[in-house]
Amino acid sequence: KRADSTSIVVVGVDSDRNYYILDIDRFKTDKISEYYAHILSLHQKWDFRWLRAEVSVGQKVIVEDLKANYIRRDGLSLVVEDYRPMRNEGTKVERVSAILQPRYANRQIYHYEGGMCQELEEELVLQNPSHDDIKDALASCVDSCKAPSGSSLSHGMTNRSTIASELIHSRFGGIQ
């Protein structure tokens, strides 16, 4: 009951390295099947291919069990990367700040309205928030994202309607 919450943040990235927060899930559990249920629900909704799981000694067992007895068993196309922050990356606060501050300063991270994004925004604004698990998960996610190559404007398009249709992102919606 005193343990931190588990947070899963789903992020999309475009070729201009803009990051779009698509979904946030935060929960507490002591059951591996519940971890999997949350992962599966988000995977079915967003069809992501990569999951970065921060592991300590105890969490390593949970992640290995998820890989072997849930993800592999169900045949999901999902790579689970174990991530253990190193001391040379600084403290958690330093690591999160180093990843997120430049991207927010450059206006490269976009939030959806409402829901758990409001919780994230509180964590980002407060100096010492009571919880920082969503902000930490976002930083880890953004740090591991790979932008697709190319740009929609680099294909030599001249027709205005072609440009407009090319700028609308087929997966994330909205104008890129």
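Conventions we followed
- Residues numbered from 1 in each chain as written.
- Predicted model: local features only at pLDDT ≥ 70, side-chain atom pairs only at ≥ 80, totals over all residues.
- Heavy atoms only, no water.
- Helix = DSSP H or I, 4+ residues; strand = E, 2+ residues; numbered from the N terminus.
- Buried < 20%, exposed > 50% of the residue type's maximum accessible area, 1.4 Å probe, protein only.
- Polar contact = N/O pair within 3.5 Å; in protein donor to acceptor, adjacent residues only side chain to side chain.
- Contact = heavy atoms within 4.5 Å.
- Pairing = 2+ DSSP bridges.
- Axes fitted to C-alpha atoms, helices over the stretch in contact; angles between N-to-C directions.
- Parallel < 35°, antiparallel > 145°, perpendicular 65-115°, else oblique.
- Nonpolar A, V, L, I, M, F, W, Y, C, P; charged D, E, K, R; others polar.

Q: Any chance you could break down the side chain of D23 for me, citing the residues and the numbers?
A: Mapping D23 onto the fold places it in strand β2 (residues 19–27). Among the residues examined, D23 registers a relative accessible area of 12% and is labelled buried. Among the polar contacts listed, one links the side chain of D23 to the side chain of K45, at a separation of 3.1 Å. Among the polar contacts made by the side chain of D23, one reaches the side chain of W46 at a distance of 3.0 Å. In contact with D23, other than residues within four places in its own chain, are I8, V9, V10, L42, K45, W46 and Y112.

Q: Account for the sheet that holds β2, naming residues and giving values.
A: Spatially, β1-β2-β5 is the arrangement adopted by the three strands of the open sheet, whose pairing is mixed. Of all strands in the sheet, those with a lone pairing partner are β1 (6–13) and β5 (109–110), marking the two edges. Sheet contacts for helix α5 (residues 133–144): β1 and β2; angle to β1, the most-contacted strand, approximately 40°.

Q: Report on the pairing of β2, specifying residues and quantitative values.
A: Counting buried positions over the nine residues of β2 gives eight, a clear majority of the element. Relative to β2, β1 runs antiparallel, the two being bridged by eight bridges. Residue pairing for β2: V13 is matched across the bridge by Y19. Where β2 lies against β5, two bridges are found, and the strand directions are parallel. The partner of Y19 across the bridge, within β5, is I109.

Q: Before we move on, could you go through the packing of helix α4 (residues 116–125) against α5 and cite the residues and values that matter?
A: At their nearest, the axes of α4 and α5 sit 8 Å apart, and the two run at 95° to each other. As the angle between them shows, α4 and α5 are arranged roughly perpendicular. Of α5, the residues touching α4 (which contributes M116, E119, L120, E123 and L124) are D133, I134, K135 and L138. Of the residues belonging to the contact of α4 with α5, the class tally is five nonpolar, no polar and four charged.

Q: Any details on unusual backbone geometry? Residues and values, ideally.
A: Comment: phi is negative for the bulk of residues other than glycine, and the bulk of peptide bonds are trans. In the Ramachandran plot, D47 falls in the positive-phi region, its phi being about 55° despite a non-glycine side chain. If you trace the backbone, D47 turns up in the loop between α1 (32–46) and β3 (50–54). One non-glycine residue, R107, lies in the positive phi region at around 55°. Topologically, R107 is positioned in the loop between α3 (92–105) and β5. Classification of R107 as exposed rests on a relative accessible area of 68%.

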